[in-house]
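# Structural characterization, general
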Amino acid sequence: MHAASGKSVRVEIAEETVVRLLLEGRVCAADFRCLDIRSKQCLRRLCLESCIGRTMIGDGSARNLFRRVSASRLKAESGEDSEER
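A few points on the structure.

How each quantity is defined
Residues numbered from 1 in each chain as written. Predicted model: local features only at pLDDT ≥ 70, side-chain atom pairs only at ≥ 80, totals over all residues. Heavy atoms only, no water. Helix = DSSP H or I, 4+ residues; strand = E, 2+ residues; numbered from the N terminus. Buried < 20%, exposed > 50% of the residue type's maximum accessible area, 1.4 Å probe, protein only. Core = buried A, V, L, I, M, F, W, Y, C linked by side-chain atoms within 4.5 Å. Contact = heavy atoms within 4.5 Å. Salt bridge = Lys/Arg side-chain N within 4 Å of Asp/Glu carboxyl O.

## Some thoughts on the environment of Glu49
With respect to the helices and strands, Glu49 occurs in helix α2 (residues 37-55). Along the primary structure Glu49 and Val19 are separated by 30 residues, whereas in three dimensions their C-alpha atoms are 8.6 Å apart.

## Things to note about the environment of Val19
Counting through the fold element by element, Val19 comes out in helix α1 (residues 15-23). Under the relative-accessibility criterion, Val19 is labelled buried at 0%. For the pair Val19 and Leu43, spaced 24 residues apart in the sequence, the C-alpha separation amounts to 9.1 Å.

## Thoughts on the nonpolar core
Val18, Val19, Leu21, Leu22, Leu23, Val27, Cys42, Leu43, Leu46 and Cys47 form the largest nonpolar core, which has ten residues in total. Listed by contribution, the elements that provide at least two residues to this core are α1 and α2. Residue contributions to this core peak at five residues, all from α1. Not counting residues up to four positions away in its chain, the partners in contact with Cys47 are Leu22 and Ala29.

## Here we look at the pattern of salt bridges
By the definition in use, this model includes four salt bridges. Between Glu24 and Arg20 there is a salt bridge, and its shortest N-O distance comes to 3.9 Å. Given a relative accessible area of 36%, Arg20 falls into the partly exposed group. Residue Arg45 pairs with Glu49 through a salt bridge whose shortest N-O separation is 3.8 Å. Of this pair, Arg45 and Glu49 both sit in helix α2, four residues apart, which is roughly one turn of the helix. The exposure class of Arg45 is partly exposed, given its relative accessible area of 31%. Judged by relative accessible area, which is 23%, Glu49 ranks as partly exposed. By sharing partners, the salt bridges in this structure join Glu15, Arg45 and Glu49 into a single network.

What follows is the structure in structure tokens.
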């Protein structure tokens, strides 16, 4: 985030939270530095989907995006994530 100052915090954050923050415009992709390729791919996907959601916010797409991410996470936690790989 603030690479120039040398200060940073390493945290793990739920996809749902990232989506919510992206949709609300509170963060953008430049605010993150991914520590591994899987996280980078996930963040890229979430950014693209949230951009689409923000442009279609009037028709409920943003809410549907948040639900899809939540459902996807539940499937992954229960071991049903094989179709995404």
